[in-house]
Amino acid sequence: MRKVLVLVALVVGSWWVGAAPAYAADVVLFEWVFNIDGTISDSLLGDPVPSGVNDAGFNYSTGIGTLTVSVSGAGSHVAGLFLDHEIDEGLNGFMNEFGAAVNLGSKPTGLSWEIDEPEYVFGNIYTNFTAGALDNSNGVPSGSPDDVSMALLWSFDLLPGQSATLTFAVSDIEPSDFYLSQTDPDSPYAIYMTGGLGVTGGPAGVPEPTSLIILAAGLAGLVAAGLRARSSRRRR
């Protein structure tokens, strides 16, 4: 309802002042939401940024920059970010934009995504995100522009002693791998959302995979040497 009232004001304003002049893009972050292992933090509800989130490189006014989330503890985890940006809302509203998911072939394992109207009128992205189950679909493609929101959600397992660092980045520079985009064709302007996951540490006393390979090769060599010794004794 809040966004509908804003749109009415924009339409009335444009009727009085006429066409807008040439302009530079104005990007505003309307809402952010974190889902970290089922704990939801929503900016519109007045929730604080969760502990474990490093936001030193993120601008909450524009929604441009990088956020990192630290997660630890053995077992299954989910961690994700929902963002509702507005591009040039003060000049052409927020219902003329569309989204896209690009380079799906390079999407990392364990990462799900969704683009949709943020459930002010239709869509189910907020419900799916807070439930920890994005549906990998785009409800606001270029042929059906509207109000756009985007979300990325990681699902992953950690072993004892492991920790994960998740990265969520929003930029106006197009990435080369998998990303989500939000475009205002009347600006024209686009922003791009990407995510990354890194896992460090491991159980004490458990060799790394490379060490296991070396150990297996060494054992194989010892077995072969033993067989040769037995064969030599038999020939005597």
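Scroll up to find the structure.
Just so it is clear, the model here is predicted, and its values are computed rather than measured.

Examining the pairing of strand 11 (residues 179-184)
Remark: a regular strand shows side chains that alternate across the two faces of the sheet. With 6 of 6 residues buried, strand 11 is to be regarded as a mostly interior element. The alternating pattern of strand 11 places Y179, S181 and T183 and L180, Q182 and D184 on opposite faces, both of which are buried. Note: strand 6 (residues 98-102) against strand 11, 5 bridges, orientation antiparallel. If you follow G99 over to strand 11, its bridge partner there is Q182. Examined bridge by bridge, strand 11 and strand 12 (residues 189-201) share 5 bridges and lie antiparallel to one another. Note on strand 12: the bridge partner recorded for S181 is Y192. Taken together, strand 11 and the strand that follows it, strand 12, pair antiparallel across an intervening segment of 4 residues.

Let's talk about the nonpolar core
The biggest cluster of nonpolar side chains holds 32 residues, and the ones touching the most others in it are F34, V69, L152, F156, L166, L180 and M193. Put simply, the parts of the chain that give this core at least two residues each are strand 1 (27-36), strand 3 (53-59), strand 4 (64-72), strand 5 (75-87), strand 7 (111-116), strand 9 (149-158), strand 10 (162-171) and strand 12. Beyond its immediate stretch of four places on either side in the chain, L166 contacts L67, T68, V69, V71, A79, W154, F156, G196 and L197. V78, F129, L134 and A151 belong to the second largest nonpolar core, which has 8 residues in total.

The rules we used
Residues numbered from 1 in each chain as written. Predicted model: local features only at pLDDT ≥ 70, side-chain atom pairs only at ≥ 80, totals over all residues. Heavy atoms only, no water. Buried < 20%, exposed > 50% of the residue type's maximum accessible area, 1.4 Å probe, protein only. Helix = DSSP H or I, 4+ residues; strand = E, 2+ residues; numbered from the N terminus. Pairing = 2+ DSSP bridges. Core = buried A, V, L, I, M, F, W, Y, C linked by side-chain atoms within 4.5 Å. Contact = heavy atoms within 4.5 Å.

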